[in-house]
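# Observations on the model geometry
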Amino acid sequence: MSRISLSISLLLVLVQFSLQAEVRLPHLFGDHMVLQRNKPIPVWGWADPGEKVSVSLVKTGANEKSLTVKADKDGKWRIDLPAKEAGGPYDLVVKGKRNSLTVGDVFIGEVWICSGQSNMAWTVNAVTNAEQEKQSADFPMIRHITIPRVISLKEEEDIKETPWVVAGPATVGDFSAVGFFFARELFKDLEVPIGLVNTSWGGTQIESWISREGVDSFDEFAGITAKLPASVEELNERRKKLLLDKISAEQGALPDASEARRFSEAAFDDSGWKSLTLPVVFDLQLLPYFDGTIWVRKTIDVPAFESNGPALLSLGVMADADETYINGVKIGETPLKNKMPRFYHIPANVLKSGKNTIAIRIRDTEGSGGFSGRADQMLLVQGQTQVALDGDWKYRVAEVIDNKQFTGPNHAATLLFNSMVAPLVPYALQGVIWYQGESNAGRAVQYRKSFPLMISDWRRKWKEEFPFLFVQLASFKAAGGNSETGSTWAELREAQTQTLALPKTGMAVINDIGERDDIHPRNKQDVGKRLALNAFKVAYGKDVLFSGPTFREMKKEGNAISVAFDHTGKGLVAGTDKYGYLKGFEVAGEDQKFHWAKAEISGDKVVVWADNVPNPVAVRYGWADDNLEANLFNAEGLPAQPFRTDDWKAVTAENKFK
């Protein structure tokens, strides 16, 4: 063979060798990971088709005892290692033809997925007594991995590289707070390593967390997946076109730069502009998913203004940046993203008696944009003269920015299951803790089906009926709903309670630790404790009181109704009223109009009545968005579940996911 032929042959061999894939593991597997005890341990990954892969899990420094498997025709392989008791540390060693991998400091213990929206994503850094909690967080046997936030229209096989982190004062601040405080309670009782897989995303709807098969199995979601585009990029373009078409239909083409410069002028003719009502967040109500530049204008006519007197303009909270003009004169600007209320001093000789024109250029660079403050914050003040500025304004869109904001996690079903749940299957786990529902309150009645659907969908994917524990919505003013006006949050809580009909489920009730002015209660410690009580009962079979009082039955007693409860523990108490008064109960007659009721504890029952309801037929408890005052507890300190005894039509009955 010639030297040239030999060189070519050698080159071909090298090329062929270089094209062979190295054996690899999913990024879910990493140093400091926790594997589930007392269950077979699935280990999987990728290699060359037909390649032999050996896997061993050995105490660090011990001899290897490996199992071997061949990769299939697609290069995928999986081995289920034998179940092990809690312990460690171990090395997980994976070997192929070309390379070997070692994952170190691996422990066997309890693995829980932590999922949902922002209240599950909420970190220890932001809880009550955060610094104290971090300094005392010496729990090296609690480990946490945060699944990267990504959306996808197809089921992904892997996640982006992300580490498992050991709990300590310097690290625990970035853990899911609910997850960590839940794990802390488990560790103190079980004394085994605890692994937390945090896959959560703020503001997300449940439909995004359900698989395509799950969505297709639900008749109320019929046809939804058939309408999904092939890619996230296509989804972005679809939604961007919808916005641009809406803008074009309302105002025609976007203005060029020279035309837009005239929008601040007092004499500019805005009669052809569309009207809007301020304050408003543009992309929530007016222009879905809008980022860009909008001008708003308003002309006021107040003869009492003094042309030579200074004044003050208050616009409330705005996002993001603005330039503000009165009668063509720039009186102020906030060039950077700033969510503080806007106050601009108006120099003398700017205002005049008669007509005055206010023009504001608002630049929304990302997220929500517009006026998010209160209506009473929008004022023009000069001396004793005040002019309210809320209400009708004119607006025109000057520019649209594509920040890929058209492809958020709520823009289609399946988007989060595909990218943040599917890659976790079939990782062995004990169960799931879930905190979500705020984003589905407007579709609460449908949540009675969609929430159990999601739970069953996940269990089907794992081929296991694992425990699924969840947090009921806390008290929060939301839209101020109640029995009179209708409460979407109360209806969502009812849907959560009904989900307990599924086997191996549990619910932590937390209306007593909500914050009526903040959708993110800082007390996540008690949330974790109450979830842990459910885990001890549902997952570990312990004889513990895991729930507050739950409605059992009602009986009419003259002009009163006697309500009996389960899970009363050592007795019913009025937990948060220093005078011992029960609050949160209402009764209604046949007219379906509810009135606040007086309530007295009698053994395991509560007797309720209202003097102006002589013939009560229904009772409600804690039935409001903000139900913080509802104060029935058992003596062990667990709050009663909100409930209603009627089945009268819900305000969200007609609202469906589309």
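Starting afresh in each chain, residues are numbered from 1 along the sequence in its written order. Side-chain atom pairs in this predicted model are given and counted only at pLDDT of 80 or more, local residue features only at pLDDT of at least 70, and totals for whole chains, interfaces and linings cover all residues. Computation of side-chain values: all heavy atoms of the structure, hydrogens and water removed.

What follows concerns the side chain of Glu491. Numbering of helices and strands runs from the N terminus, with a helix taken as a DSSP run of H or I at least four residues long and a strand as a DSSP run of E at least two residues long. Of note, Glu491 is situated in helix 11 (residues 488–498). Residue burial is assigned from relative accessible area. The probe radius is 1.4 Å, only protein chains are included, and a residue is buried under 20% of its type maximum, exposed over 50%, and partly exposed in between. Counted as positive: Lys and Arg. Counted as negative: Asp and Glu. His and the chain ends are not counted at all. In the sections that follow, a salt bridge refers to a side-chain nitrogen of Lys or Arg positioned within 4 Å of a carboxyl oxygen of Asp or Glu. In this structure Glu491 is buried but unpaired, with Arg644 as the nearest side chain of opposite charge at 5.8 Å. Contact between two residues is taken to exist if any of their heavy atoms lie within 4.5 Å; hydrogens are not considered. Every residue in contact with Glu491, bar those within four places of it in the chain, is listed here: Ala444, Val445, Trp623, Ala650, Val651 and Thr652.

The next point concerns the packing of helix 10 (residues 444–462) against helix 11. Working convention: axes come from line fits to C-alpha atoms, limited for helices to the stretch in contact. Angles between N-to-C directions cover 0 to 180 degrees. Taken N-terminus to C-terminus, the directions of helix 10 and helix 11 make an angle of 25 degrees; their axes are 8 Å apart at the nearest point. Relative to helix 11, the element helix 10 lies roughly parallel. When you trace helix 10 past helix 11, the crossing you get is right-handed. Residue-level inspection shows Ala444, Val445, Tyr447 and Arg448 of helix 10 in contact with helix 11, the latter providing Thr488, Glu491, Leu492, Glu494, Ala495, Gln496 and Gln498. Should an angle fall under 35 degrees it is taken as roughly parallel, and over 145 as roughly antiparallel, whereas 65 to 115 is taken as roughly perpendicular and any remaining angle as oblique. Crossing handedness follows the turn of the near helix against the far one: under a right angle anticlockwise gives a left-handed crossing, and clockwise gives a right-handed one.

Strands qualify as paired when DSSP identifies two bridges or more between them. Strand order in this open sheet of four strands is 25-26-31-30, and the pairing throughout is antiparallel. Every other strand in the sheet has two partners, leaving strand 25 (550–557) and strand 30 (598–602) as the edge strands with one partner each. Strand-to-strand, the axes of this sheet are offset by a mean angle of 25 degrees, without reference to chain direction. Examined bridge by bridge, strand 25 and strand 26 (residues 560–566) share seven bridges and lie antiparallel to one another. Within strand 26, the residue paired with Glu557 across the bridge is Ala560.

Okay, the nonpolar core next. Within the largest apolar cluster, 79 residues are counted, with the highest numbers of intra-cluster contacts made by Trp77, Trp434, Met454, Trp458 and Phe468. Looking at which element gives the most residues to this core, the answer is helix 10, with eight residues. Those residues within four positions of Met454 in sequence are excluded, and the remaining contacts are Ile206, Trp209, Ile210, Trp434 and Phe468. The term nonpolar core refers to a set of buried residues drawn from Ala, Val, Leu, Ile, Met, Phe, Trp, Tyr and Cys, joined through side-chain atoms within 4.5 Å.

In this section: the side chain of Ser208. In this structure, Ser208 sits in the loop between strand 10 (194–200) and helix 5 (212–216). Here Ser208 is in contact with Pro409, Asn410, Ala412, Ala413, Thr414, Leu415, Leu416 and Phe417, once residues within four sequence places are set aside.

Attention now moves to unusual backbone geometry. Between Gly88 and Pro89 the backbone carries a cis peptide bond, its omega angle lying at 5 degrees. Note that Pro89 resides in strand 6 (residues 87–95). The omega torsion across Leu278 and Pro279 is 5 degrees, close enough to zero to call that bond cis. Even without being a glycine, Asn38 presents a positive backbone phi close to 60 degrees. Counting through the fold element by element, Asn38 comes out in the loop between strand 1 (34–36) and strand 2 (41–46). The partly exposed category is assigned to Asn38, whose relative accessible area is 42%.

To continue, consider the sheet that holds strand 17 (residues 354–364). Each strand in a sheet pairs with its neighbour through backbone hydrogen bonds, running either in the same direction (parallel) or in the opposite one (antiparallel). Strand order in the open sheet formed by six strands is 11-21-12-17-14-15, with antiparallel pairing between adjacent strands. Every interior strand has two partners, whereas the edge strands, strand 11 (274–278) and strand 15 (329–334), have only one. Neighbour-to-neighbour, the strand axes of the sheet open up by a mean angle of 30 degrees, direction not taken into account. Examined bridge by bridge, strand 14 (residues 321–326) and strand 15 share five bridges and lie antiparallel to one another. Bridge pairing links Ile326 to Val329 in strand 15. Lying on the sheet, helix 6 (residues 232–251) is in contact with strand 11 and strand 21 (391–400); it crosses strand 21 at an angle near 125 degrees.

Relative orientation of the contacting elements helix 4 (residues 177–190) and helix 12 (residues 525–538) amounts to 50 degrees, with a least axis distance of 7 Å. Considering their axes alone, helix 4 and helix 12 lie oblique with respect to each other. Regarding helix 4 and helix 12, the two cross each other, and that crossing is right-handed. Touching Val178, Phe181, Phe182, Arg184, Glu185, Leu186 and Asp189 of helix 4 are Gln525, Val527, Gly528, Lys529, Leu531, Ala532, Ala535 and Phe536, all from helix 12. A per-class count over the contact of helix 4 with helix 12 returns nine nonpolar, two polar and four charged. Side-chain classes are defined by residue name, with Ala, Val, Leu, Ile, Met, Phe, Trp, Tyr, Cys and Pro counting as nonpolar, Asp, Glu, Lys and Arg as charged, and the others, Gly among them, as polar.

Read these as geometric descriptors, not functional statements.
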